[in-house]
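Here is how the chains run, residue by residue.
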Amino acid sequence: MLEIKSFTFNPFQENTYVLYDETKEAVIIDPGCYEKEEKDMLHNFILSKDLKVVMLLNTHCHIDHVLGNAFVKRKYNVDLYVHADDEVVLKSVESYASNYGFQQYEPTSIDEYLKEGQDVKFGNTTLQVLWVPGHAPGHVVFYHKESGNCIGGDTLFEGSIGRTDLPGGDHHTLLHAIKTQMFALPDETVVYPGHGPETTIGQEKIHNPFVGERARF
Ligand SMILES: [Zn+2]
Ligand SMILES: [Zn+2]
């Protein structure tokens, strides 16, 4: 059975997720840990559950989602998986990290490219990769069909959507991608977003002010 553990890290209040199952194999998605206490918190959880981390995944590569990439790669000796269209986003982090106060940011490089529609497998678990661009060009979400859970990054939030004013962002692309990709998932699907609390596809289909039935925009 898939288990999902969330942490909220760094000043951007970014949600970091650890997914694991009964085999104790685990993947870490969007490690935003920056301070030592945050890295310790993540690692202590891994130790306490006796997990074996086998993969590092990024939904996309804005700074708040990649601050802990180097730590995770080194600590668990795992590869980083990212959609190719976000490689430029990852590379640019180095140029602005110190402007945001992250002097200790350690750049990382992508080891494997994620492709739209592919499966990501660990333990007894299979995640499906959906490409949902607009907030970032190579933004993907990870969907676990059996449990009806989706790790959504900065696409769809409770009552909101990801901002599109950053380089590579495009508002209409994001609206279209949410409607065609994420809203194709069952209504009861739980979305674990990059910021804020969980929501469901059904709730956002109705109430979301950007993409819901009562959208104002
Ligand atoms: Zn983002
Ligand atoms: Zn974010």
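No experiment lies behind these values; they were computed from the predicted model shown. (Residues numbered from 1 in each chain as written. Chains lettered and ligands numbered in written order. Predicted model: local features only at pLDDT ≥ 70, side-chain atom pairs only at ≥ 80, totals over all residues. Heavy atoms only, no water.)

Help me out: how do you make sense of the packing of helix H1 (residues 36–48) against helix H3 (residues 69–76) in this one?
Where H1 contacts H3, the two axes come as close as 11 Å, and the packing angle between them is 35 degrees. Where H1 crosses over H3, the two elements pack in a sense that is right-handed. Contacts from Lys39, Leu42, His43 and Ile46 in H1 reach Phe71, Val72, Lys75 and Tyr76 in H3. Of the residues assigned to the contact of H1 with H3, the class counts are five nonpolar, one polar and two charged. (Axes fitted to C-alpha atoms, helices over the stretch in contact; angles between N-to-C directions. Helix = DSSP H or I, 4+ residues; strand = E, 2+ residues; numbered from the N terminus. Left-handed = near helix turned anticlockwise from the far one by under 90°. Contact = heavy atoms within 4.5 Å. Nonpolar A, V, L, I, M, F, W, Y, C, P; charged D, E, K, R; others polar.)

Sorry if this is basic, but what is going on with the coordination of the zinc ion (ligand 1) here?
Each donor-metal-donor angle would ideally measure 109.5 degrees in four-coordinate tetrahedral geometry, or 90 or 180 degrees in six-coordinate octahedral geometry. For the zinc ion (ligand 1), the full set of protein donor atoms is His60 (NE2), His62 (ND1), His135 (NE2) and Asp154 (OD), at a range of 2.1 to 2.4 Å. Geometry at the zinc ion (ligand 1) is irregular, judged from its four donor atoms and the angles of 86 to 174 degrees they form at the metal. Counting the intervening residues between successive donors of the zinc ion (ligand 1) yields the motif H-x1-H-x72-H-x18-D. A separation of 3.5 Å is found between the zinc ion (ligand 1) and the zinc ion (ligand 2), which share Asp154 as a coordinating residue. Here Asp154 lies in the loop between strand E10 (149–153) and strand E11 (156–157) and His60 lies in the loop between strand E4 (52–57) and helix H2 (63–66), a separation of 94 residues in the sequence. (Donors = N, O, S within 2.8 Å, 3.2 Å for Na, K, Ca; no water. Tetrahedral: all angles 85-135°; square planar, octahedral: opposite > 155°, others 65-115°.)

What exactly am I supposed to notice about the pattern of salt bridges here?
When charged atoms on two side chains of opposite charge get close, those side chains can pair. Scanning the model with the defined rule gives five salt bridges in all. Of the charged contacts, one joins Arg74 and Glu106 as a salt bridge, the two residues approaching to 2.8 Å between their closest N and O atoms. With a gap of 32 residues between them, Arg74 in helix H3 and Glu106 in the loop between helix H4 (87–96) and strand E6 (112–114) connect regions that are remote in the sequence. Its relative accessible area of 34% is what places Glu106 among the partly exposed residues. (Salt bridge = Lys/Arg side-chain N within 4 Å of Asp/Glu carboxyl O. Buried < 20%, exposed > 50% of the residue type's maximum accessible area, 1.4 Å probe, protein only.)

Would you mind showing me how to read the pairing of strand E8 (residues 125–131) here?
Looking at chain direction, strand E7 (residues 119–122) and E8 are connected through four bridges and run antiparallel. Within E8, the position partnered with Lys121 by the bridge is Thr126. Hairpin geometry of E7 and E8 is characterised by an intervening segment of two residues between the two adjacent antiparallel strands and by a positive phi of about 50 degrees at Gly123. Both E8 and strand E9 (residues 140–144) contribute to a ladder of four bridges, which runs antiparallel. Within E9, the position partnered with Gln128 by the bridge is Tyr143. (Pairing = 2+ DSSP bridges.)

Is there a simple way to think about the environment of Lys205 in this case?
Note on placement: Lys205 falls in helix H6 (residues 201–207). By relative accessible area, which is 24% here, Lys205 ends up partly exposed. Along the primary structure Lys205 and Glu116 are separated by 89 residues, whereas in three dimensions their C-alpha atoms are 23 Å apart. Apart from the residues within four sequence positions on either side, Lys205 is in contact with Phe183, Leu185, Asp187, Gly212 and Glu213.

It is not clear to me how the coordination of the zinc ion (ligand 2) should be interpreted in this structure. Could you clarify?
Taken together, Asp64 (OD), His65 (NE2), Asp154 (OD) and His195 (NE2) make up the protein donors of the zinc ion (ligand 2), found 2.1 to 2.2 Å from the metal. Around the zinc ion (ligand 2), the four donor atoms sit at angles spanning 88 to 157 degrees, and that spread fits a shape best called irregular. When the donor residues of the zinc ion (ligand 2) are listed from N- to C-terminus, their spacing reads D-H-x88-D-x40-H.

Before we go on, may I ask you to explain the sheet that holds E10 in this structure?
Each strand in a sheet pairs with its neighbour through backbone hydrogen bonds, running either in the same direction (parallel) or in the opposite one (antiparallel). Read from one edge to the other, the open sheet built from six strands follows the order E7-E8-E9-E10-E13-E14, with strand pairing classed as mixed. At either margin of the open sheet sits one strand with a lone partner, and together these are E7 and strand E14 (199–200).

Hey, could you run me through H3 in this one?
Residues three or four positions apart in an α-helix share a direction because the helix packs 3.6 residues into each turn. H3 sits mainly inside the fold: six of its eight residues count as buried. Those residues of H3 that sit buried are Asn69, Ala70, Phe71, Val72, Lys73 and Tyr76. Against the buried residues of H3 lie strand E3 (25–29), H1, E4, H2, strand E5 (80–83) and H4. Of the residues flanking the end of H3, it is Asn77, one or two places downstream, whose phi is positive at about 55 degrees.

Mind showing me how you'd approach unusual backbone geometry here?
Leave glycine aside and you will find that most residues have negative phi; peptide bonds, for their part, are mostly trans. If you check the backbone angles, Asn10 has positive phi at about 60 degrees while not being a glycine. Relative to the helices and strands, Asn10 is located in the loop between strand E1 (3–9) and strand E2 (14–20). What makes Asn10 buried here is its relative accessible area of 5%. One non-glycine residue, Lys24, adopts positive backbone phi at about 75 degrees. Here Lys24 lies in the loop between E2 and E3.

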